[in-house]
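Examination of the molecular architecture
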Amino acid sequence: MLRESRVNGLRQPTKASRHKARASLYGGERRIITALCYDLVGSTRLLSLLDIEDYQELIAAFQNAAKQAIISHSGVMQLEAGDGGVALFPIEVGEKDAASLAIRAGLGIVEGCARVGREAGREDLHVRVGIATSIALIQETDEGKGQPVTSAALAIATRLEEIAAPDSVLVSEDTRNLAGRSHAFVFEGVKTLKGFTVPEKVWRALGHKIEVDRFYAFGSLGGPFIGRESELSMIAACWERIPAEGGEVLLIEGDAGIGKSRLLREIRKKTRDRRSGLFFFQCLPGGHRSTLHPLLNSFMGVMSGQDGQGGLTASAVAALFERNGIRDAETIETFAYLLGALGRNQRLADNGPKAIREKALRAVFRALEALCANGPVVLAIEDIHWIDPTSQDLLAEAARVARQLPILLVVTSRLGFAADWLDAANPTRLTLLPLDRDETRLAIEARWPEHRQAMLPELYDITERISGGVPLFIEEICQWVSQNVATDTMSLSENVGPTHVSAFEGILDARVKHLGPARDVARAGAIAGTWFTLSLLRALLPGFGKKSLAKAADTLCDTGFLMRIRAPGHTTYGFRHVLIQETIYNGLLRRQRQALHRRLFGAVSQNRQMAPWIDTGTLAEHAERAGFMESAIDLYISAGKESSSRSAMVEARNYLEHALAVCDQMSQGHAVEPLQLSALTSLGPILTGLLGLNAPSARKLYEDGVAIARRQPMEDQSKWFPIYWGWWLTGSDFRVMRDRARQVQAMLAEAEDPEIQLQVNHCIWAIDFNLGHHRETQDAVKAGLALYDEQSAKTSRMLFGGHDAKVCGLGQLALSLWLTGQSKASNAALTKMVAFVDRISHVPSKAHSLDTEAVSAFYRDDYGRLIEISERMANFAKTHEMQSLSGLSLLFGGWARAHGESLTSGHTMFREGLSLLQNLGAVADLPIYLYMHATLLGLADKYVSAIEVTNDAIEKARETGHAYWLAELYRRRAVLHARGNTTTEPIVADLRSAVEIAESQGATALLRRARHSIQELGVVVEL
């Protein structure tokens, strides 16, 4: 009901009168108007910060954006005053449309303000908007135009603007009632506005209803709510505990159609008066491979185009987050990256998947904290049995931290779905069972069509039996009864199967058959999936005209199959329940399905803007079901690459492994092999990243890939170089890796691509250094870096080793030069490496260079410099969330401190670092780390333990071919034996080995150490 005046308390029905207006005793007319008031936040502060001319330009830009938003939505400016203004929305368009247009204008003002702020480089530009509706007294002017002279709407809008949070739109109860079908709102509570005695229910406008959900859309979940009293009581108890005890997590389980969504609707109603926010997300069928698709669905109406491709923009992500009070830049940036938004910060990829995950988990907490800043919120995620891995990971984190915040987190799933990953949050589990006999009868009576009441007694028992107490099945039976025209032949027992599941399928099929042309539209919609528009339906059903399609879609909405969802520029449709879509889809013949999938694939692949919500992975599924296998494989590979580019490695793996599975369905031969190699090329780095280089599945992947690659024409060999690189990298030990590197070098000797030749040398210098082949190492570095191209390196860094080849080459050269006694040249190479890596600002390469700096200081026993480097390591690791680098900082820092400040505390710190590295599996230099450990044990006079650790290090070095430090390991064991008063024989044997190995490698620095120990220990070593 609309309130006529806050002064006299008179009320006026919201339903429009048959007459345009009613004459007033004062010579005017009484009409319903909607007013909008806006005001910039903190303009006085801005004036003190900015030059007067800059301030004026900023205000002018803001006012232009605000007026544009108002005028484009049919508003009329009444007043523009400095940093604010007032607008009215015309009476002629109707009160409901006027309220809806005013809200869209208000949201447009918020977006315009944010845009002006971004363009001006100011993050402190925010606006507040208030909107209200009331009866107004309209006075005719001399020009014949009606002007409001008395209205509460103007005053209420002003008061609402004053109490609004920055970048939010508050509306009155009357405005919300008028626009309730077109916009989504969050209840902000009952407020006493200055100057008014009657409290006002205040709502915050979220936006136009663009999401397909079963709460805001035009579909119906009407009818009385029957049963579930105990469940509602339990939910109410959880909600009551939140203010005092913190958040609650609810897991609602049940079969399809059992009423999970309807229960969520009741939760929405029960919590309305005390919550500050309500957020619903829905997982969709087939979404288990689509990264963050429940969140991505929230942006369905704001997909934009770029080069003909639909897509989500980073600015749209920022706008939606800021509209809901989330303004933390890192949080918004992280989610834009994970969503794959156009214009996202690509440099985040430098952090690596593990670091991105840590950022995402932090972002979850910050986002939730911001959402409930004004009080308790309800957060619901539906149908998690279709959840994707990234969403699952973030939802598990949300459940974990929910106890710390005033949040009611509700998730729903079908029975049998393993949601044990939520167990850490100790959720309250509610299992929805079918309605009992009495509840089922009540539900049947509530849904039974009035014009068929005479039939109810004789169909009561069979309706109860075949529905099985499932609410959705009861609805469908009653809908079927309502539509069936042949009442004399209508018999439930003859049209349905013996079980309630087959009954549902039978009744749904019977209902669809009676829909005429709408039947074809329902089937085409079932092929299209989650959402579809009339333009997409026209592509699927070319024989239908636009009007025929619209009429058929309206019929499906009226009969309860579909629901309408308004999106910018067009109307979108979706099935009221996914079980309806699944049943209609499964009822199609295979040839019918394939034909419709082919039409959809052809239309959308030519114009992605036709359905921007169909992502690459979904389009690949349509191609596969259409029988276009090669196109499907290409798209699955592209989807895998897209997922990988935003650090969604599990989803990427799923797409790429499915691409390989589709390859297996094709006839084997040379035609399919390039497709297999393309999938393997992308999958290899993902598999090694997820499982490790030593994982059997990763090794097998590259071995299979090389076997296929070798069968390809010689001129194509360079194309598959990433496969050969991965084959080299996953060798079981350094000797095998060297053999493979030499094979690759020989095979690709004729390749003209300088980047390939550089990376071949990259393989060689990395392996030969570890084997102690210093001459070969230095030659490979010099040959490789002569081919280095900085532009090509930007792509190659991620493909080959994850770090820059020049940084690696200069670092390896510096270490090799020092070991071979060329200290000055080593220092020069090290200086070049540090300068270069600082210039390119590539995070993994910087971590690589810090490790090299630390190893170089370790070689030189420069403990002071090592402490300084370890501190830089720790800071860099903290900034970029790099656990392995953090472990190295502890290891090297502990080593240095043990030789200076305190042996005990330094060794403890060293052990902490070593333990962290071992847990992470980041121990490529394990023999050296064990050498350091043994040395510290020896300094503590623990010679037996020290010798055992050294034995282990030598064994591992021999086993893997990790030989460049082997001379030092033998020398260290000789020294430990001597200090532990061991007989001379093992000391001499170890020192002899140290000298021989150092000489064979040309490791002059290590040879000097060995000879010094011989002299120091006073033993005779015959060489």
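As a further point, take unusual backbone geometry. Look at Leu 292: it is not a glycine, yet its phi comes out positive at around 55°. Mapped onto the fold, Leu 292 is located in the loop between strand S13 (277-282) and helix H8 (293-296). Note on Leu 292: relative accessible area 4%, which makes it buried. With a phi angle near 65°, Ser 647 is a residue other than glycine that sits in the positive phi range.

A surface patch of nonpolar side chains, amounting to about 220 Å² of accessible area, comprises Val 650, Leu 690 and Leu 691. Note that Leu 691 resides in helix H26 (residues 673-691). By relative accessible area, which is 40% here, Leu 691 ends up partly exposed.

Turning next to the pairing of strand S6 (residues 84-89). Most of S6 sits out of view: 6 of its 6 residues are buried. The alternating pattern of S6 places Gly 84, Val 86 and Leu 88 on one face and Gly 85, Ala 87 and Phe 89 on the opposite face, and all of these are buried. Bridge count between strand S4 (residues 29-40) and S6: 6 bridges; the pairing is antiparallel. Its bridge partner being in S6, Ala 35 is matched across the sheet by Leu 88. Note: strand S5 (residues 76-81) against S6, 5 bridges, orientation antiparallel. Paired with Ala 81 across the two strands is Gly 84, which belongs to S6.

Where helix H18 (residues 517-528) contacts helix H20 (residues 546-558), the two axes come as close as 9 Å, and the packing angle between them is 80°. Between H18 and H20, the angle is such that the two are roughly perpendicular. Across the interface between the two elements, Ala 518, Val 521 and Ala 522 of H18 pack against Leu 549, Ala 552, Thr 555 and Leu 556 of H20. Residue classes in the contact of H18 with H20 are distributed as 6 nonpolar, 1 polar and no charged.

With that settled, consider the nonpolar core. Judged by nonpolar contacts, the single largest core of 136 residues is most densely connected at Leu 408, Phe 561, Ile 584 and Phe 721. Ignoring sequence-local partners within four residues, the contact set of Leu 408 consists of Cys 238, Trp 239, Ile 242, Glu 248, Leu 250, Ile 267, Val 377, Val 378 and Leu 379. Among the nonpolar cores identified, the runner-up in size contains 68 residues, and Phe 769, Trp 818, Ile 928 and Val 995 belong to it.

Moving on: the side chain of His 385. By the element assignment, His 385 lies in the loop between strand S16 (377-382) and helix H12 (389-401). In this structure His 385 comes out as buried when scored by relative accessible area, which is 18%. One polar contact links the side chain of His 385 to the main-chain amide nitrogen of Arg 414, over a distance of 3.0 Å. Every residue in contact with His 385, bar those within four places of it in the chain, is listed here: Ser 413, Arg 414 and Phe 417.

Attention now moves to the sheet that holds S13. Spatially, the 5 strands line up as an open sheet ordered S13-S16-S17-S12-S18, and their pairing is parallel. Two strands lie at the open edges of the sheet, namely S13 and strand S18 (428-431), each paired on one side alone. On average, each strand axis in the sheet is tilted by 15° relative to the strand beside it, whichever way the strands run. Where strand S12 (residues 248-253) lies against S18, 4 bridges are found, and the strand directions are parallel. Bridge pairing in S18 links Leu 250 to Thr 428. Its contacts with the sheet put helix H6 (residues 229-245) on S12, S16, strand S17 (407-413) and S18, and the angle it makes with S18 is roughly 160°. Against the sheet, H12 touches S12, S16 and S17, its axis set at about 140° to S17.

A large share of helix H28 (residues 721-729) lies buried, amounting to 8 of its 9 residues. Every buried residue of H28 is listed here: Phe 721, Pro 722, Ile 723, Tyr 724, Trp 725, Gly 726, Trp 727 and Trp 728. Buried-residue contacts for H28 involve H26, helix H27 (696-709), helix H29 (734-747), helix H30 (754-771) and helix H32 (790-799).

This part takes up the pattern of salt bridges. This structure, assessed with the given rule, holds 48 salt bridges. Between Asp 768 and Arg 738 there is a salt bridge whose closest N-O contact spans 2.7 Å. You can see Asp 768 sitting in helix H30 and its partner Arg 738 sitting in helix H29, a full 30 residues away along the chain. The class of Asp 768 is buried, set by a relative accessible area of 1%. When the shortest N-O distance is used, the salt bridge between Asp 838 and Lys 846 registers 2.8 Å.

Once that is clear, we can look at the side chain of Ser 870. You can see Ser 870 is positioned in helix H36 (residues 863-880). With a relative accessible area of 3%, Ser 870 lands in the buried category. In this structure, Ser 870 is in contact with Ser 889, Phe 892, Gly 893 and Arg 897, ignoring residues within four places of it in sequence.

Glancing now at the environment of Arg 590. Looking at the secondary structure, you find Arg 590 in helix H22 (residues 590-606). According to the relative accessible area criterion, Arg 590 is exposed, its value standing at 62%. Sequence separation between Arg 590 and Met 737 is 147 residues; the distance between their C-alpha atoms is 50 Å.

Interhelical geometry of helix H41 (residues 966-979) versus helix H42 (residues 984-1001) gives an angle of 160° and a closest axis separation of 8 Å. Classified by the angle between their axes, H41 and H42 sit roughly antiparallel to one another. The chirality of how H41 crosses H42 is left-handed. Contacts from Leu 966, Ala 967, Tyr 970, Arg 971, Arg 973, Ala 974, His 977 and Ala 978 of H41 reach H42 at Pro 986, Ile 987, Asp 990, Leu 991, Ser 993, Ala 994, Ile 997 and Ala 998. The class makeup of the residues in the contact of H41 with H42 is 11 nonpolar, 2 polar and 3 charged.

Time to look at a negative patch on the surface. On the surface, Asp 51, Glu 53, Asp 54 and Glu 57 cluster together to form a negatively charged patch. Among the secondary structure elements, Asp 54 is positioned in helix H2 (residues 52-71). Asp 54 gets classed as partly exposed once you look at its relative accessible area, which sits at 43%.

Glancing now at H6. For H6, which comprises 17 residues, the first-to-last C-alpha distance of 24 Å matches the rise-based estimate of 24 Å (1.5 Å per residue) to within 8%. Buried within H6 we find Glu 231, Leu 232, Ile 235, Cys 238, Trp 239 and Ile 242. Seen end-on, H6 carries its buried residues on one side only, within an arc spanning 115°. Along H6, the residues that are exposed and aim more than 90 degrees away from the buried face are Glu 229, Ser 230, Glu 240, Ala 244 and Glu 245. The inward-facing, buried residues of H6 contact S12, helix H7 (260-270), S16, S17 and S18. Gly 246, located one to two residues past H6, shows a positive phi value of around 100°.

Within this structure, the stated rule accounts for 0 disulfides. Just so you know, Cys 37 is unpaired, no disulfide at all, and the nearest cysteine sulfur is the one on Cys 113, 14 Å from it. Assessed through its relative accessible area of 8%, Cys 37 is described here as buried. Of the cysteine sulfurs around Cys 372, a residue in no disulfide, the closest is that of Cys 238, at 17 Å. By relative accessible area, Cys 372 is classed as buried at 8%.

Considering all chains together, one arrives at 21 aromatic pairs under this definition. Grouped by ring-pair contacts, the aromatic residues Phe 769, Trp 818, Phe 858, Tyr 859, Trp 895, Tyr 931, Tyr 964 and Trp 965 constitute a single cluster. For Arg 176, the ring lying beneath its charged end belongs to Trp 203, and the centroid distance is 4.1 Å.

Looking now at the environment of Gly 692. Here Gly 692 lies in the loop between H26 and H27. C-alpha separation for the pair Gly 692 and Ala 425, spaced 267 residues apart in sequence, amounts to 30 Å. Beyond its immediate chain neighbours, meaning those up to four positions away, Gly 692 contacts Leu 687 and Ala 698.

Across the protein, pLDDT averages 86, with 90% of residues at or above 70. Mean pLDDT across the elements of the protein bottoms out in strand S1 (residues 2-3) (32) and peaks in helix H33 (residues 805-819) (97). Between residues 209-221, whose pLDDT stays under 50, and residues either more than four places distant or in other chains, the model counts 57 contacts. In this model residues 493-498 is a low-confidence stretch, pLDDT under 50, and it forms 10 contacts with partners more than four residues away in sequence or in other chains.

What counts, and where the lines are drawn
Residues numbered from 1 in each chain as written. Predicted model: local features only at pLDDT ≥ 70, side-chain atom pairs only at ≥ 80, totals over all residues. Heavy atoms only, no water. Helix = DSSP H or I, 4+ residues; strand = E, 2+ residues; numbered from the N terminus. Buried < 20%, exposed > 50% of the residue type's maximum accessible area, 1.4 Å probe, protein only. Patch = residues over 30% accessible without salt bridge, like charges linked within 9 Å, V, L, I, M, F, W, Y side chains within 5 Å. Areas by Shrake-Rupley, 256 points an atom, 1.4 Å probe, with all protein chains shown as cover. Salt bridge = Lys/Arg side-chain N within 4 Å of Asp/Glu carboxyl O. Pairing = 2+ DSSP bridges. Axes fitted to C-alpha atoms, helices over the stretch in contact; angles between N-to-C directions. Parallel < 35°, antiparallel > 145°, perpendicular 65-115°, else oblique. Contact = heavy atoms within 4.5 Å. Nonpolar A, V, L, I, M, F, W, Y, C, P; charged D, E, K, R; others polar. Core = buried A, V, L, I, M, F, W, Y, C linked by side-chain atoms within 4.5 Å. Polar contact = N/O pair within 3.5 Å; in protein donor to acceptor, adjacent residues only side chain to side chain. Left-handed = near helix turned anticlockwise from the far one by under 90°. Lys, Arg positive; Asp, Glu negative; His and termini not counted. Charge placed at Lys NZ, Arg CZ, Asp CG, Glu CD. Expected span 1.5 Å × (residues − 1). Arc of directions from axis to C-beta. Disulfide = S-S within 2.5 Å. Phe/Tyr/Trp six-rings, centres within 6.5 Å; stacked < 30°, edge-to-face > 60°. Lys NZ or Arg CZ within 6 Å of the ring centre and 35° of its normal. pLDDT = per-residue confidence, 0-100.

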